[in-house]
Amino acid sequence: MGRKRMGGLLAMLAVALVTLGLVLGAGTKAYAEDVSWDTDQTFDSDEVIKDRVSAGRDITVTIAEGKTVKLWSGMYIYSHTPNMYTITVAGKGTLEVYGGDGEIGENTDSGRGEDGTAAIYGSLTVDGATVLCFGGEGGAGKDGDTPGSGGNGAPGITGSLTVKSGTATVAGGDGGAVGNLSPYDTEGPTAGKAGKAVQNEIDAKFIQESDDEENWSAVSGNTSDKQFVKATSEPEPTPEPTPTPAANQEMYRLYNPNSGEHFYTANKAERDSVVAAGWTYEGVGWVAPTEGEPVYRLYNEFGGEHHYTPSKNERDTLVKAGWKDEGIGWKTAGTDGVPLYRQYNPNAFANNHNYTPSAHERDTLLGLGWKDEGVAWYGVR
C-alpha cells in the first residue's frame, strides 16, 4: 500500500515538473545550450554555430581570409554593467551574427508578439574583418476578435560599434505586424517598432545609412538611431562611370552604271541626291564607328571619281597630284573590327578602286583581274 502511494506521488511530481518546464519556456527564448567562449577564438575554416555564444570578458575572434563563421543565435557578452565588454573581430574573414525572431502572439497570454533578440549583447570592434550583424524581428500579434500588437524588433548591437579597419553592416530587426482582426475592422493594437542597428555610438571613418537596406547614402556624424548602417575604415571606391557606347553610323553604298564607280556616304541627304542623279542605291555597305581614326575622302575632278584612305601620306600625295581633299568621310574601327577589303583595277583609267566587307565580292573581282590591296579600314559590322 505504501509503495503504491509513493509511486503515485512520484508520477504527480513528474507531471508537475514537465508542466513547470512548459510554463517557464512559453514566453522566453529557449536555447539548447550556450557555447561559452572564455578565451580568444581563432577560426581557420568555415563554421556554423547554432547555439547562442556567451562570454564574460573582452574577447577577440580572428577569422582567416576567405572563411566565414556564422552565429545563428546571437552572442551575449554578459557583465554587471551593460555593454561593458567588447567582441573584437580580427583577421580578413567574415563573421555573420543573427538575433532570434520573436514568437507570434498565440504563444503569449496578452496576444502580443514577442520581441526579437539582439544579434550582439555588448559592443563590437572590427579590426580587418567583415561583419554582418542582424537583430531579430518582432513576432506578429495574435489573430482574432482582439488582435495582439506586434513585438518590437531587436537592435543589431546593444552597445557601441567601432571600425578600425574592415567593414560592418548592421541592421535592426523589423517590428512585428499587428494580428489580423476577425471578423470586422476596428482600431486596436499597434505594430512593433523596428530595432536600431546600433544602440549606442558608432566610431568609423566612413558611414552609410539606408532606409531599405538597399539604397545607401553617405552621412556625417553618428547614426546610431538608424535601422540600417554600414561602417568602414575607408570609403567605398566610386565606381567608374560606364561609358556611353558610341553611336554607330550606317555607310550607304551607291553604284554609277555609266562610270562603274561605287560611292560611299553616311549622309542620307547626299545619298538621296546621288540617287536622284541616276545612281543605283545598293543599301548599307557596312557600319562605321563614330569614334576612331579618320578615313579621308578625296575627289578627282578630271577623272570624276572618289578615293578613300585612312593614310595621311596617301591623302597628301593625292592632294599634291591635284585631287581635292573633301575631309573625313567616316571613322575606322580597331583591327578587331570587320575588315573592308580594297581592290584595284589596273585596266581602268578611272574609278579603278573598290571597297567591300565581302570576301566573296573581293575574290570574284580578283578572279576578273583586279589586284588585292589588302584591308583598307575596319567597320564595327
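Refer to the structure presented above.
About the criteria used
- Throughout this document, residue positions are counted from 1 along each chain, in the order its sequence is written.
- Totals for whole chains, interfaces and linings use all residues, but because this is a predicted model, local features are given only for residues with pLDDT of at least 70 and pairs of side-chain atoms are given and counted only at 80 or more.
- Values shown for side chains rest on all heavy atoms present in the structure; no hydrogens or waters enter the calculation.
- Side-chain rings of Phe, Tyr and Trp, where Trp is taken by its six-membered ring, are said to pair if the distance between their centres is within 6.5 Å; with planes under 30 degrees apart they count as stacked, over 60 as edge-to-face, and otherwise as tilted.
- The helix and strand labels rest on DSSP assignments: H or I over at least four residues marks a helix, E over at least two residues marks a strand, and numbering proceeds from the N terminus.
- Using a 1.4 Å probe on the protein chains alone, a residue whose accessible area is under 20% of its type maximum counts as buried, one over 50% counts as exposed, and one in between counts as partly exposed.
- We call a charge positioned above a ring when the Lys NZ or Arg CZ atom is no farther than 6 Å from the ring centre and deviates by at most 35 degrees from the ring normal.
- A side-chain nitrogen of Lys or Arg and a carboxyl oxygen of Asp or Glu constitute a salt bridge if their distance falls within 4 Å.
- Here the nonpolar core consists of buried residues drawn from Ala, Val, Leu, Ile, Met, Phe, Trp, Tyr and Cys, with membership extended through side-chain atoms lying within 4.5 Å.
- The patches reported here contain residues having more than 30% relative accessible area and no salt bridge. Joining distances are 9 Å for like charges and 5 Å for nonpolar side chains (Val, Leu, Ile, Met, Phe, Trp, Tyr).
- Per-residue accessibility takes into account occlusion by the displayed protein chains alone, with areas from the Shrake-Rupley method and a 1.4 Å probe.
- The directions from the helix axis to the C-beta atoms are what the arc is built from.
- Contacts: residue pairs with any heavy atoms within 4.5 Å of one another.
- Any two strands with at least two DSSP-identified bridges between them are counted as paired.
- All axes here are fitted lines through C-alpha atoms, helices being fitted over the stretch that makes contact, and every angle between N-to-C directions spans 0 to 180 degrees.

Trainee: Help me get a handle on the packing of aromatic side chains, residues and values and all.
Mentor: Using the criterion set out here, one finds 15 aromatic pairs in the structure. Ring geometry for Tyr 264 against Trp 286: centres 5.6 Å apart, planes inclined by 55 degrees, an arrangement best described as tilted. Linking Tyr 264 in strand S18 (residues 262-265) with Trp 286 in strand S19 (residues 280-289), this pair joins segments that are 22 residues apart in sequence. There is no split in this pair, since Tyr 264 and Trp 286 are both buried. When the ring of Tyr 264 is compared with that of Tyr 355, the centres are 5.9 Å apart and the planes differ by 80 degrees; the resulting orientation is edge-to-face. Taken together, the positions of Tyr 264 in strand S18 and Tyr 355 in strand S24 (residues 353-356) put the pair 91 residues apart, joining distant regions of the chain. Considered together, Tyr 264 and Tyr 355 belong to a single accessibility category, that of buried residues. Among the aromatic residues, ring-to-ring pairing joins Tyr 264, Trp 286, Tyr 308, Trp 330, Tyr 355 and Trp 377 into one connected group. Above the face of the Tyr 341 ring, Arg 362 is positioned so that its terminal group lies 4.4 Å from the ring centre.

Trainee: Describe the pattern of salt bridges, with residues and values.
Mentor: Within the structure shown, the criterion is met by 14 salt bridges. Across the salt bridge formed by Glu 326 and Arg 297, the nearest N and O atoms sit 2.7 Å from each other. Taken together, the residues Glu 326 in strand S22 (residues 324-332) and Arg 297 in strand S20 (residues 293-300) connect sequence positions 29 residues apart. Overall, the relative accessible area of 13% leaves Arg 297 in the buried class. Connected through shared salt-bridge partners, Arg 253, Glu 282 and Glu 361 make up one network.

Trainee: Explain the nonpolar core to me, using residue names and the numbers behind them.
Mentor: Residues Met 75, Ile 87 and Leu 161 are the most contacted members of the largest nonpolar core, which totals 35 residues. Broken down by element, the residue count for this core peaks at five residues, all from strand S11 (residues 123-134). Residues Phe 263, Tyr 264, Val 274 and Tyr 308 belong to the second largest nonpolar core, which totals 15 residues.

Trainee: Explain a nonpolar patch on the surface to me, and be specific about the residues and the numbers.
Mentor: There is a patch of nonpolar side chains on the surface, built from Val 275, Tyr 281 and Val 284 and spanning about 220 Å² of accessible area. Counting through the fold element by element, Val 284 comes out in strand S19. The exposure class of Val 284 is partly exposed, given its relative accessible area of 40%.

Trainee: An account of helix H4 (residues 359-367) is requested, with residue identities and associated values reported.
Mentor: Every buried residue belonging to H4 is among Glu 361, Arg 362 and Leu 365, and all of these are buried. What you see down the axis of H4 is that its buried residues fit within an arc of 100 degrees, all on one side. The exposed residues of H4 that point more than 90 degrees off its buried face are His 360 and Gly 367. Contacts from the buried residues of H4 go to strand S17 (248-255), strand S23 (338-344), S24 and strand S25 (371-379).

Trainee: So, the sheet that holds S18: which residues are in play, and what are the values?
Mentor: Strand-to-strand pairing in sheets goes through backbone hydrogen bonds, with the strands running parallel or antiparallel. Sheet architecture is open: three strands sit in the order S18-S17-S19, paired in antiparallel fashion. Whereas interior strands pair on both sides, the edge strands pair on one side only; in this sheet they are S18 and S19. Put simply, the sheet's adjacent strands are angled 25 degrees from each other on average, direction ignored. Bridge count for S17 against S18 is four bridges, and the pairing is antiparallel. Looking at S18, one finds that Leu 254 is bridged to Phe 263. The strands touched by helix H2 (residues 268-276) within the sheet are S17, S18 and S19, with S17 carrying the most contacts at an inclination of about 10 degrees.

Trainee: Which residues make up the sheet that holds strand S10 (residues 120-121), and what values go with them?
Mentor: As summarised here, the arrangement of the four strands in space is S1-S4-S7-S10, forming an open sheet in which the pairing is parallel. Single-partner strands in this sheet number two, and they are strand S1 (35-36) and S10. Of the strand pairs in this sheet, strand S7 (residues 75-77) and S10 are connected by two bridges, and their pairing is parallel. If you follow Met 75 over to S10, its bridge partner there is Ile 120.

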